Structures are given as C-alpha cells and as structure tokens.
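Results of the structural survey
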Amino acid sequence: MLQIEPRVLKGFRDFLPLQELTRREMIKKIEASFRSFGFLPIDTPALEYAEILLGKGGGETEKQVYRFTDHGGRDVALRFDLTVPFARFTAEHRNELIMPFKRYHIAKVWRGENTQRGRYREFTQCDFDIVGSDSTAADFEILLMIRSTLQALADSITIRINHRGLFNRFLASLGAEEKSPEILRQVDKLAKIGRDGVRELLEAITEKTESQKILDFISFGEEGDFDKTLKKLTGAAGEGDDTRRLEELRRFMKDAGVEEGFVLDPSITRGLDYYTGVVCETFIDKLPGIGSICSGGRYDNLTGIYSKEPVCGVGASIGLDRLDAALEELGLRENRNGAASAALACLEPDDAGKAQRAAALFRQRGLTCEVFFEPKKNTQMFILAEKKGIPWVIIPNYDTGRFTLRDIAQRKSREDLDIDTAAKIIKNEDNG
C-alpha cells in the first residue's frame, strides 16, 4: 500500500484540541465585544470570482492571492481579506440592509506571502465595519471598539491613526500626486525595513529632495503628542476636510475620556489602495516588534466598482493569529485544559445506553460530562481521567440511581450521592 507522508503546506497549520479551545475562547471574547456595540454577524464564501477580489486590490495584493481556474473554466480566487467580499456583499444586498449597517465577520483568509512570527498564509481575521455613514462619529466608534476589544485581551495598547487625504494633499503640494499609491505602499513598509530602506524605495520613484520632504513629513509624529503633530501636519499640508476630521476625532476622544493611547502618526498609510480617509494600526505596547495586531480605515469608494450607488464605509480587522502569538509571548493568553467537568465510568460493555442517560442528567444540570466507553478497573479509569485533565469520575449504581464521586486530585471518594448533590459537588457548590 502506498504510504504518503502526512504534512501541511508551509504557512498553514493544524490546531490540536487545547490550542483550538484557547483560540475559540479568544474569539468568544472578541465577538462579545462586537455584539456589545450593536454589530451583527455575516458570512461570505471563501471562493469568489477573481475580478470581484482584484478589482480594487492592486499592488502586491494581486501577487499574493491564491488564484486558479476551476472545473467550470471560471477564473476564481480565495479571499485575501474580508473587506473586499464585504463590499461585494453590501452592493448585492443593499436593499436588504438597514443603513447605517454595522457588521462583523470572523473567518479565515489566504495570502501567499512570506511567513514570519505571527504571520501565516492561512489565517483568521476578525473584521468589523460600519457602512452607510460618512460621519466622524462612525470613525470614532470603530477606533473605540478597537480600544475596548483589545484592552480587554492585551492590556496596554497604542492605536496610531492618520488620514490618507491629508497625506495625499501633502503629496499634491510636492507635485507627486500621480505617484501617491506607490508612495503610500512604500511608506507603509517603514516598520519592516526602517527609514533608510524606505528612503531607498522612495528615491527610486521620486526626486531625492521630494523623498527627503516625505520622510520629514512622516516623522512629525515621533514626539507622540497628538495636538502638536496635527499642528505640524496642518502647517505642512494646509487646512482641509481631513485636518478638520482629525480635530473632531480628537475632540470626541477627549469628550469620551479616552484620549490616552491614541497617537497621530503620519507614517501610518495602509498599503491597500481602497482606503480614502482615516486609517489606523494598533500595537501592543510591551511587544511592538510583532507589528500591528489590528488595522483599518475609511474606504468611501470601495463599493463603487460593484454598484452605481457607492456606499461609504469605515472598518478595521484584528489579526487573530498574530494576537494569539503576542498574548502567548507575553503570558497573557488564557490557556484552556479542554477537559470535561467529569467522566462517567463504564462498568459493563452493555451499559452504554444507561451511561449516556446518566450523563445526560448531569449535562442538564450545567456540567460537561464525558462517557468512558470501555470497562476498566477503577484505578485505570482514574489514571485515564488524570491524563485527560478531568477532575471527577462518576461511578453510577444503576440499581439504586445513586452515585459515587472520585476526586482525582485529592484521591478521595464520596459515596451514595443523589444526582443533585453529586452535581453540586462537581460544580463546587456543596462544601459538605
């Protein structure tokens, strides 16, 4: 018989039960935060027509997409993010949605990029968006949700924001407006390759003096003072709708008492072409080297390629895998042992039906209860429960309807218990 070596593709992973339980607990907390702000879940297909995904992706995104011809000869691709499919979703279901519409979507996406710490080719994104509102209040709510969700998981974070319109106006003053998409993509690499690396890339597409002015512009936020940085940026690019929106955002932050943790950083540009307004990236203060764990911004024209009635929007995405790697490194991840509350012992091979009925009674009382299928000596079952991290073994007496509980950690038993007393003991509600 042909033997095939079991292996996964580079950049893809299996998750063992305890790893997956930990991830699901993290998703549960993230989802609870999203729901607390009134956001609703949606889902979209993993596979889309390639033209749907690539119509506005542009740049390096097109090189990273998993694209192929299916059995029907259709040009298709796996989604590389959840924002572009959401734009298609919004255009297609526009008449069914109540605007402004707040959505979240937690699902896997695929990019054929270089793997590194916390970055994979198959990964999970947690997206949240508001469409149908152009207000600064919508921008602020997205920023506030980032802050609320991630502070609950990662403690101290910094959200760095900028405005693409402000950067574009500055480039226009240099006469480099037509090169704006490429310049923004190169500036977006600042955290990865450093100032000198960005300088080299900029000098390949602009004049040396222009490159220096751009580097000076993106350095204005190094002091970390939001108000001073905004004043410098306004002086360099002039006043406009973008600076007024940033001023309004700052006022909202102060009014809500959350101005700490937000930094105006002109080096934040976001490489994707569809962003048009406020953009942001989020960093864990104790682990800046792992990169941004949540990013996003306003994309007013995204749905325009799918509909004659474009819908404005703003949103962000948490990279679950990078966040998970960061929390593990910082010792902040809540690891789960995955064990059931108790295990019901198997006494006879023919007792499977009775065992499941007894286990169901414990489950009805709010416990997780695993059933051991094969009869073993009590000592063997206790050892099996200990290996699985199960704290209690239930030994039933089907004739009397009573139970014996074995405390695995204490190596002690409590006998002749009715089911309610047994359930309370397992739930630590009975100290008798």
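Our structure's up above, just so we're on the same page.
What counts and how
Residues numbered from 1 in each chain as written. Predicted model: local features only at pLDDT ≥ 70, side-chain atom pairs only at ≥ 80, totals over all residues. Heavy atoms only, no water. 1 Å grid on protein atoms, 1.4 Å probe; cavity = no way out; pocket = protein on both sides within 12 Å on 5 of 7 lines; lining within 4 Å. Points joined across faces, edges and corners; volume = space filled by probe spheres on them. Helix = DSSP H or I, 4+ residues; strand = E, 2+ residues; numbered from the N terminus. Nonpolar A, V, L, I, M, F, W, Y, C, P; charged D, E, K, R; others polar. Pairing = 2+ DSSP bridges. Axes fitted to C-alpha atoms, helices over the stretch in contact; angles between N-to-C directions. Core = buried A, V, L, I, M, F, W, Y, C linked by side-chain atoms within 4.5 Å. Buried < 20%, exposed > 50% of the residue type's maximum accessible area, 1.4 Å probe, protein only. Contact = heavy atoms within 4.5 Å. Salt bridge = Lys/Arg side-chain N within 4 Å of Asp/Glu carboxyl O. Phe/Tyr/Trp six-rings, centres within 6.5 Å; stacked < 30°, edge-to-face > 60°.

Before going further, it helps to spend a moment on the layout of surface pockets. Estimates place the volume of the second largest pocket at around 160 Å³. Around the second largest pocket, the lining residues are K354, R357, A358, L361, P396, N397, Y398, G401, F403 and I419. No other element matches helix α13 (residues 352-364), which puts four residues into the lining of the second largest pocket. Here the residues of the lining of the second largest pocket sort into six nonpolar, two polar and two charged.

One open sheet accounts for three strands, arranged β2-β4-β3; its pairing is antiparallel. Edge positions in the sheet fall to β2 (47-49) and β3 (67-69), since each has one partner strand and no second. Strand-to-strand, the axes of this sheet are offset by a mean angle of 35°, without reference to chain direction. Pairing of β3 with strand β4 (residues 75-78), which is carried by three bridges, proceeds in the antiparallel orientation. Paired with F68 across the strands is V76, a residue of β4.

Counting 62 residues, the largest nonpolar core has F128, I146, I161 and L323 as the members making the most contacts within it. It is helix α5 (residues 136-154) that contributes the most residues to this core, nine residues altogether. With residues near it in sequence (within four places) discarded, I146 still touches F128, I157, I159, C280, T282, C294 and A316.

To continue, consider the pattern of salt bridges. With the rule as written, the count across this model stands at 29 salt bridges. Residue R244 is joined to D241 by a salt bridge in which the shortest nitrogen-to-oxygen separation is 2.6 Å. With R244 and D241 both in helix α11 (residues 241-256) and three residues apart, the pair spans about one turn of that helix. Between R298 and D300 there is a salt bridge; the shortest N-O distance is 2.9 Å. Owing to a relative accessible area of 2%, R298 belongs among the buried residues under this scheme. D300 sits in the partly exposed class, given a relative accessible area of 23%. Where salt bridges share partners, they join R13, E20, R23, R24 and D321 into one cluster.

Time to look at the environment of G261. Inspection of the secondary structure assignment puts G261 in the loop between α11 and β8 (262-264). Judged by its relative accessible area of 30%, G261 is partly exposed. Separated by 102 residues in the primary sequence, G261 and I159 have C-alpha atoms spaced 6.1 Å apart. Sequence-distant contacts of G261, that is, excluding residues within four places in its chain, are made with I157, T158 and I159.

In this section: the packing of aromatic side chains. Counting across every chain of the model gives 10 aromatic pairs. Seen from their ring centres, F86 and F101 are 6.4 Å apart, and the 35° between their planes marks the pair as tilted. Of this pair, F86 sits in helix α4 (residues 83-92) while F101 sits in strand β5 (residues 101-110), and the two are 15 residues apart along the sequence. Across the pair, F101 and F86 agree in class, each one buried. Measuring from centroid to centroid gives 5.9 Å for F217 and F220, while their planes differ by 65°, and the two rings are edge-to-face. Under the relative-accessibility criterion, F217 is labelled buried at 1%.

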